[in-house]
Amino acid sequence: MTLHTHWLTRLTLTCLCSLITCTVLASDHTRTLTHALGNTSITGTPTRIVTLYQGATDTAVALGITPVGVVDSWLEQPTYQFLREQLANVTHVGLETQPNLELIASLQPDLIIAAKMRHEKIYPQLSQIAPTISIDYVFQFKDTVQQMGTALNRQTQADELLNHWTQRVADFQQQLKTTQRNTPNTVSLLDFRPDHVRLYLQDSFAGSILTELGFTVARNQGSHNQWALKLTSRESMPSLNADVFFIFKLTDDPVTQRVYQQWTQHPLWQTLTAVQQQQVFFVDEVAWSASGGVLGANKMLDQVYQHFGLTP
Amino acid sequence: MPKFYTVRHAALSLQLNLKTLSVLALLLPCVLACVLLALSAGSQWLSPLTVLNELVADGRYAFVLETLRLPRIVMAFMVGAALAVSGLMLQSLIRNPLASPDIIGITGGASAAAVFFLSFLAGSLSVYWLPVAAIIGALLTALIIYGLAWQGGVSPVRLVLIGIGLAAGMNAITTLMIVLSPIATSMTAYVWLTGSVYGTNWQDVSRLLPWLLVLLPWAMSLARSIDAQALGDATAINLGIALQRDRLLVLFISVGLAGAAVAFAGAVSFVGLIAPHIARLLVDRRFASLAPVSALIGGTLVVLADTLGRTVFLPLDMPAGVFVAAVGAPFFIYLLYRHQQ
Amino acid sequence: MKQTLNITMQRSLSATDFTNSPTLSRLSTRPLQLLLAALLLTLAFLASLAFGQLSIPLSRVITAFTHYDGSNTDHLIITTTRLARALTALTVGAALAVSGALMQALTRNPMASPSIFGVNAGALFAIVLTMTVFSISSLQNLIWVALIGAAVAGGMVYGLGSLGRDGLTPVKIVLAGAAISALFVSFTQGLLVVNQDGLDSILFWLGGSVSGRDLSLLQPLIPYGLAALVLSQLLSPHINVLLSGDEIAKSLGQRTGWLKLAMGVLIVLLAGSAVAIAGNIAFVGLIVPHMARAWVGADYRWLLPMCALLGAALLLLADLVARFLIMPQEIPIGVMTALLGTPFFIYLARRGLQNA
């Protein structure tokens, strides 16, 4: 009984505390964020932000903010279709790998969102331009939402985004369990390239989401932070095997299309489970890989719903 | 009027003739003009006058000029100068105008070490250790080359042949590591392999500077021996040169210069090959004359290449190495053509 | 010193040791040696068909050709992927080795080979240029592009190496080749940095690969390759004469200019198409002629077929190892050959000078 009260009191206290933090955050007080490249103090609500990786740009839009500077997108250059409307007149500061520091400085931002894997070397200069926060890897979309929510004083919206995501994941799992007779277990995500086929692993953006949805995705063996295997020989086909295949829509490039034909017309292809059960789907590379943000993740989930004939 | 001016000071004994001095006097303003141009150019063009003003009294462009452009330009210049002198020393040592640090495997060794770092250690170690890895790679490669070329003494021919062989091996190892590494790092590795001074800060500059401050004067102090070595082994020994000892020294100073430069800027190629050739067009064939002129030309070459790299494709920032090759290669071909005439 | 080295290296290539004293025993064993090499090649070929991610027993490899069964997975793997791959490795290996041997004769330089001569780098640059700038990526067209690149680079190295009073010395050739290679490699890297998106597609190719090539791709090249091999075989007696020196050859009535031109064209044809099919595969053209020379001597009539057999076997074996090290991915075969070739090259550099 005492234990129970104790627990209750603690909960109340925590609630109170978080309420207080919320009010503190809402005001112009300085808060310190701990991130992948150190601690950064931010005062007030930043309004001019520069996002240096795709996931951060996507998340800014999700939080209802238009950045003053963004980097070029990987596909559908210079901006992904689904973000074009919101980012119509935003300055581009170059490539994600080497953004133009002078341009960033000239935009006079009050917050920069970076990623350690890309921007560790220029972090000192970035911090001199404006307070800069950084996540470890570009495809950690939940970290991005959380960090940006705190940094931008939009904690409530950030929590909403993440809660909404958690609910959707739960709903999907529920629907899948009730509607499918044999719940698919293993999933492979493939990308046909001019001279090889890429098998995305658990640590990739889409791989981590599929894992969260309850599927088993191929895992990396050995080296850390490896997020895809490059397969060149059609003999390797058995190592793709899974109950469901998701394949990135092919580009117009005739060589890629030929590689696709070579692989799919190969007799070994017919022996794969997903092919035999006709569970091969084409998906949109932007949502499934290149966007790397919470909006992209939701678009991806929409497509997963759709492929299993479920309603989101 | 004396033809030569001799500077004698303990270990340092240099002979500079009037022509060299006048070439240097003409070259210096040109170099400064290039640096000023490089400071003016960028995402926003600032007039040279504004630049000078801002450098004296800090104004609204102080950050862009002093934190973003200047360290990068200084770094580019130092890298170019170091590679040029390194190339010049190797060309004298090997007695062949086609030798340079990238061709005999020094750059290859640094690259293999750097790509190894980027692929397998970058997650756990800070990126500031990258130059250390690259320098270790360069020195290790030089040691291996020297060791393999040793047969009761080291001959230049053996040195260069073994260097080229090892360079090919190092390139294979680099390719192997890029293939094995996570896909995300292969782009970073490629930018490094092309050579770029992107994102240089004053701390980087202050870490490269000591290398040059020690090695360049040291190289100058060996000027007489380097000239003697270029005349052939027998002549050098007759002139009282401790041939094997000096050869080792020259090799390691040149490796130190190239390794340090490459460590901070990546595998910039061609500077070490071309800058000494341009210098030979301007001054006489003695090391004491060629070294300062090569250094100025090499430095300017990289500064100009980097300026092109960060302005031509705005807002994209291209690695300087691309433009060094683009400017250097046609010139190299012109040199060959001239040779043939 | 350079002079003496040059002379010794030339002597090791010169034809004197067999034209003056063709020992009977050697003559009679040569066919046997060729037979042995052919046997080795056959074994390598069969191993290449049998081993991979799935190991297939040899008996089934043979039945795949004698009693083909379309529903048998093993048979399918052999006929659809492994056969094409083995044939590619075989063709490329033979072409590279023969072009290396021809180069060594043409330049009288034991260190000459397509990769040292910058031919690989030139062909690769031409390919990457057309792929990124003109977006041509069908391999049929790329072969022609590669031939042009190979010819340009080879010509530049030859020209650059023969500058100066002492002519084509081994050291000058090697340095010229390294410089021209560096030139084209930095161009290639520049293009790759401009076109980040295409990078990973070209990357594997830079390392060289013989997998994923269809037989249909190889077919149009086989007549050229065979013609080049036969032609070089026909030229081999003349090459022997050429090796005894330009003066002697001319005094014997040989048109050395034409012979050299023909050899140059053959080299570019063989090496260029090998790069076009399989990317950057280094050192095969260097190692194999030396192995063959140690076996059958310097008579090009025997040396060239030996090179073709051994080159094919070497590349087949290298490809076999490349499949196993990081399964299910593969190591680029060019990396394998370079790792094999580097120690050999260094050995050659050291030995060449010890004799001097």
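Definitions and limits used
- Residue positions within a chain follow its written sequence, with the count starting from 1.
- Chain A is the first chain written and ligand 1 is the first ligand written, with later ones labelled in order.
- The predicted nature of this model means local features are confined to residues of pLDDT at least 70 and side-chain atom pairs, given and counted, to a pLDDT of 80 or more, with totals for whole chains, interfaces and linings taken over all residues.
- To obtain the side-chain values, all non-hydrogen atoms of the structure were included, while hydrogens and water were left out.
- Categorising residues by exposure relies on relative accessible area from a 1.4 Å probe, with only protein chains included: less than 20% of the type maximum marks a residue as buried, more than 50% marks it as exposed, and the intermediate range marks it as partly exposed.
- Secondary structure follows DSSP: runs of H or I at least 4 residues long count as helices, runs of E at least 2 residues long count as strands, and numbering of each begins at the N terminus.
- At least two bridges found by DSSP between two strands are what make those strands a pair.
- Residues are treated as being in contact if the distance between any of their heavy atoms lies within 4.5 Å.
- For helices, the fitted axis covers only the stretch in contact; all axes are lines through C-alpha atoms, and the angles between them, taken along N-to-C directions, range from 0 to 180 degrees.
- Note on ring pairs: Phe, Tyr and Trp rings are taken, using the six-membered ring of Trp, and paired if centres are within 6.5 Å. Classes follow the plane angle, with under 30 degrees stacked, over 60 edge-to-face and the rest tilted.

A. Highlighting the pairing of strand β11 (residues 228–231) of chain A. Residue and element names in this part refer to chain A. Of the two faces of β11, the one lined by Ala-228 and Lys-230 and the one lined by Leu-229 and Leu-231 are each fully buried. Across four bridges, the pairing between strand β9 (residues 197–200) and β11 is antiparallel. Across the sheet, residue Arg-198 finds its bridge partner in β11, namely Lys-230.

B. Region of interest: the sheet that holds strand β5 (residues 91–92) of chain A. Residues and elements named next belong to chain A. In space, the five strands of this open sheet follow the order β5-β4-β3-β6-β7, with parallel pairing throughout. Edge positions in the sheet fall to β5 and β7 (132–135), since each has one partner strand and no second. Two strands pair when backbone bridges link them, and strand β3 (residues 49–51) and strand β6 (residues 111–115) are joined in this way by three bridges, in the parallel orientation. Note on β6: the bridge partner recorded for Val-50 is Ile-112. The strands touched by helix α7 (residues 141–151) within the sheet are β3, β6 and β7, with β7 carrying the most contacts at an inclination of about 160 degrees.

C. Fine view of the packing of aromatic side chains. Under the criterion given, the structure shown has 25 aromatic pairs over all chains. Summarising the aromatic geometry, the rings of A:Phe246 and A:Trp288 are spaced 4.7 Å apart at their centres and angled 45 degrees between planes, so their arrangement reads as tilted. With a gap of 42 residues between them, A:Phe246 in strand β12 (residues 244–248) and A:Trp288 in helix α12 (residues 285–290) connect regions that are remote in the sequence. An identical accessibility class is assigned to A:Phe246 and A:Trp288; each is buried. A ring pair is formed by C:Phe344 and C:Tyr347, whose centres lie 6.2 Å apart and whose planes are at 50 degrees; its orientation type is tilted.

D. Here's a closer look at the environment of B:Leu208. All names here are of chain B. Locating Leu-208 in the fold gives a position in helix α8 (residues 202–221). By relative accessible area, which is 0% here, Leu-208 ends up buried. Along the sequence, Leu-208 and Gly-152 sit 56 residues apart, while their C-alpha atoms lie 35 Å from each other. The residues touching Leu-208, leaving out its near neighbours within four places in the chain, are Met-75, Met-78, Val-79, Ala-260, Ala-261 and Phe-264.

E. Structural detail: the side chain of A:Glu235. Inspection of the secondary structure assignment puts A:Glu235 in the loop between β11 and β12. On the accessibility criterion, A:Glu235 (3% relative accessible area) is buried. Among residues more than four places away in sequence, those in contact with A:Glu235 are A:Leu268, C:Gly52, C:Gln53, C:Leu54, C:Ile77, C:Thr81 and C:Arg82.

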